[in-house]
Amino acid sequence: MRQEAAASIVVTEEDALRQCKEPPCRRQDEAPTLEASPSSSSSEEENSDAMPPPPSPYAAFLRREGEPAPAAATGEELLLVPPLNFAMVDHGVYRSGFPDVSNLPFLESLRLRSVLCLCPEPYPEANLEFLRAHGIRLFQFGIDGSKEPFVSIPEDRIREALKVILDVRNHPVLIHCKRGKHRTGCVVGCLRKLQRWCLTSIFDEYQRFAATKTRVSDLRFMELFDISSIKHLPASFTC
């Protein structure tokens with residue numbers, strides 16, 4: 001398996017909010033709606049999925065995945081480094097790849113109430129300590145990260161994950177898998193169906209994060225996912 005270095009870019013909350021307010025896609029019968037865009041892209045293959053709080057202004061900072069983040073910026077301003085593929089999905093809802101210890105100060109700035117992890121592996125102790133210290137609740141719905149053609153997406157777990165996301169008492173919430181591509185992309189795609197996005201826009205958002213690793217099975221799952229049994233969106237969600 002070939003792996004390449006990926007870059008993560010520090011973004012300001014103001015930038016993230018501005019991106020979300022731009023009308024990047026159309027629904028089938030209404031005006032443009034909110035769509036999040038990734039803060040970075042990765043060409044690494046995804047083996048499994050994983051996590052990301054209003055902060056002080058961030059300085060723009062580029063680093064390669066795996067490199068340590070500096071403790072402070074010039075002028076003693078702390079650099080907050082978001083996890084791989086971090087982006088805002090909607091008000092109080094974020095998505096990303098699995099955060100490492102260098103991302104924890106950034107997550108702290110988001111003031112999260114909960115983290116929704118889609119990886120089946122035991123959660124790292126360092127991350128658990130961070131969650132406990134900040135009173136953040138962990139929801140874990142393990143979905144196997146195996147690759148096509150042996151992909152099996154458990155619909156019941158996707159529904160349970162959506163219930164967590166739709167409950168505003170859990171906001172702000174971070175959805176993550178390992179790379180923030182496939183499993184996270186499927187959950188967000190099903191959320192977009194609840195928001196009445198057209199399939200073209202749902203697929204476009206998924207592919208912007210998955211890039212060359214787009215899975216036909218994921219696209220088929222989102223297309224066939226039945227939202228009729230799920231309650232209506234809370235008023236806080238952008239429709």
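Placed above this text is the structure.
Residues numbered from 1 in each chain as written. Predicted model: local features only at pLDDT ≥ 70, side-chain atom pairs only at ≥ 80, totals over all residues. Heavy atoms only, no water.

Draft legend 1. Molecular detail of the sheet that holds strand β6 (residues 93–96). Spatial ordering of the open sheet is given by β5-β6-β9-β7-β8, a layout of five strands whose pairing is mixed. In this open sheet, the two strands that pair with only one neighbour each are β5 (87–90) and β8 (137–140). Put simply, the sheet's adjacent strands are angled 25 degrees from each other on average, direction ignored. As defined by bridge partners, strand β7 (residues 114–117) adjoins strand β9 (residues 173–176) across four bridges and the pair is classed as parallel. Looking at the pairing, V115 lines up with L174 of β9. Sheet contacts for helix α4 (residues 155–166): β6, β7, β8 and β9; angle to β7, the most-contacted strand, approximately 165 degrees. (Pairing = 2+ DSSP bridges. Helix = DSSP H or I, 4+ residues; strand = E, 2+ residues; numbered from the N terminus. Axes fitted to C-alpha atoms, helices over the stretch in contact; angles between N-to-C directions. Contact = heavy atoms within 4.5 Å.)

Draft legend 2. Representation of the packing of helix α5 (residues 182–194) against helix α6 (residues 199–210) in the model. Where α5 meets α6, the axes come as close as 10 Å, and the angle between the chain directions of the two elements is 160 degrees. Considered as vectors, α5 and α6 are oriented roughly antiparallel to each other. For the pair α5 and α6, the sense of crossing is right-handed. Every residue of α6 that contacts α5 at H182, G185, V188, G189, R192 and K193 is listed here: I202, E205, Y206 and A210. Counted by class, the contact of α5 with α6 contains four nonpolar, three polar and three charged residues. (Parallel < 35°, antiparallel > 145°, perpendicular 65-115°, else oblique. Left-handed = near helix turned anticlockwise from the far one by under 90°. Nonpolar A, V, L, I, M, F, W, Y, C, P; charged D, E, K, R; others polar.)

Draft legend 3. The arrangement of the pattern of salt bridges in detail. Inspection of every chain in the model, using the stated rule, returns five salt bridges. One salt bridge in this structure joins R132 and E125, with 2.6 Å as the shortest N-O distance. Of the charged contacts in the structure, one is a salt bridge between R169 and D167, with a shortest N-O distance of 2.8 Å. (Salt bridge = Lys/Arg side-chain N within 4 Å of Asp/Glu carboxyl O.)

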